[in-house]
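Working through the structure, step by step
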Amino acid sequence: MSAGARRPALVDDLADARRPEAGRPSARQAVAEPWPRGISRRASMRISDVLAALQLEFPAVTTSKLRFWEEQGLVAPVRTSAGYRQYSPADVERLRYVLRMQRDRYMPLKVIAEHLAALDAGVDDEAPSPARLASRDGETTGPASRWTVDSLAGDTGVEPAFVEDLVTAGVLRSGPLGALDLYARDVVLAAARLAEHGIDARHLRSFRTAADRQADLVEQVVAPVRGQRSAASRARAATLAAEVGELCTQMHTALVRAAVAGLEP
């Protein structure tokens, strides 16, 4: 056989050598899998299972929030033949990412969606982070919304009377069953540090008053959305309240820092 006759076969052999191995995706195919990659996408978790997986770290997460984030395209659970949502471990990691970006970086959902799109496209990469559970003496604690005066005092290392003073002054508020505010632990820890400088519960009433006024402002922004009375609207209202509330927090922090800077010689 002539060299010319052998050439096409040689070209074919080289082309075959350049093709990805059977069963092994190319780099372009690899990034087609949505983030996070390498985590099971077997949809076997109900909404209640997802809430149980997230609530120790994020006690404020609700069913309506999950449904709202699905509407926004942040997560895509599958539907059973009966119409029930089923989530995978990968879906849970996406939800945990959304919650952390809201909590730690104060990102609005639009920006979070852009980050997730970049992760899905392989433009950015980030390894899923392990859940961060509140714990004491090696044992996981319950959701923060279940704090009582005694349990909160024991966890933060202050006397129960110190927490009681904060409740009496109106800095902390308890519900009908005695459960304290969602962020009561953070309040007590900050109050304990301020007490080292002679600032007691009476002085902290102004903080509560300012916070209530800012909450009223947030309520004005959220009220039109909440008034639509659908589950999706309630979730949208909760997300909007969290975003505007964090902006109010940033504004308050910036103003306090500016005022304190003016005291420096």
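Since we're looking at a predicted model, the values are computed, not measured. (Residues numbered from 1 in each chain as written. Predicted model: local features only at pLDDT ≥ 70, side-chain atom pairs only at ≥ 80, totals over all residues. Heavy atoms only, no water.)

1. A closer look at the overall build of the protein
The helix and strand tally for the protein stands at eleven helices and four strands. Burial status across the protein gives 28% buried among its 265 residues. When the accessible surface of the protein is split by element, carbon and sulfur atoms take 55% of a total near 16800 Å². (Helix = DSSP H or I, 4+ residues; strand = E, 2+ residues; numbered from the N terminus. Buried < 20%, exposed > 50% of the residue type's maximum accessible area, 1.4 Å probe, protein only. Areas by Shrake-Rupley, 256 points an atom, 1.4 Å probe, with all protein chains shown as cover.)

2. Section: helix α6 (residues 109–121)
Given a rise of 1.5 Å per residue, 13 residues ought to cover 18 Å, and the 18 Å separating the end C-alpha atoms of α6 matches this to within 8%. Of all the positions in α6, only Leu109, Ile112, Leu116, Ala118 and Leu119 are classed as buried. Immediately beyond the C-terminal end of α6, within one or two residues, lies Gly122, with a positive phi of roughly 80°. (Expected span 1.5 Å × (residues − 1).)

3. Let's talk about the side chain of Ser88
As for its position among the elements, Ser88 is in the loop between β2 (85–86) and α5 (89–105). In this structure Ser88 comes out as buried when scored by relative accessible area, which is 2%. Residue contacts for Ser88: discarding those within four places in its chain leaves Ser40, Arg41, Arg42, Ala43 and Met45. (Contact = heavy atoms within 4.5 Å.)

4. Thoughts on the nonpolar core
Grouped together as the largest cluster of nonpolar side chains are 26 residues, with contacts concentrated most on Val50, Leu66, Trp69, Tyr87, Leu95, Ile112 and Leu116. Those elements giving two or more residues to this core turn out to be α3 (47–54), α4 (63–71), α5 and α6. Considering every element that reaches this core, the biggest residue donor is α5, with six residues. Each residue touching Ile112, except ones within four places of it in the same chain, is listed here: Tyr97, Val98, Met101, Gln102 and Met107. (Core = buried A, V, L, I, M, F, W, Y, C linked by side-chain atoms within 4.5 Å.)

5. Observations concerning the environment of Ala201
Mapped onto the fold, Ala201 is located in the loop between α9 (184–195) and α10 (205–226). Along the backbone, Ala201 and Ala191 are ten residues apart, and their C-alpha atoms lie at a distance of 7.6 Å. When near neighbours in sequence (up to four residues on either side) are disregarded, Ala201 contacts Asp165, Leu166, Ala169 and Val171.

6. A closer look at α5
Along its 17 residues, α5 runs 23 Å from first to last C-alpha, staying within 8% of the 24 Å computed at 1.5 Å per residue. The element α5 is extensively covered by neighbouring structure, given that 13 of its 17 residues are classed as buried. Tyr106 occupies a position one or two residues after α5 and carries a positive phi of about 60°.

7. Some thoughts on the pattern of salt bridges
Overall, the coordinates contain 14 salt bridges when judged by the stated rule. Measuring nitrogen to oxygen at the nearest pair gives 2.8 Å for the salt bridge that ties Glu93 to Arg96. In this pair, Glu93 and Arg96 are both assigned in helix α5, three residues apart and thus about one turn of the helix distant. Of the two residues, Glu93 and Arg96, both sit in the buried class. Residues Arg208 and Asp212 are paired through a salt bridge, measuring 3.7 Å at the closest nitrogen-oxygen approach. Of this pair, Arg208 and Asp212 both sit in helix α10, separated by four residues, roughly a single helical turn. (Salt bridge = Lys/Arg side-chain N within 4 Å of Asp/Glu carboxyl O.)

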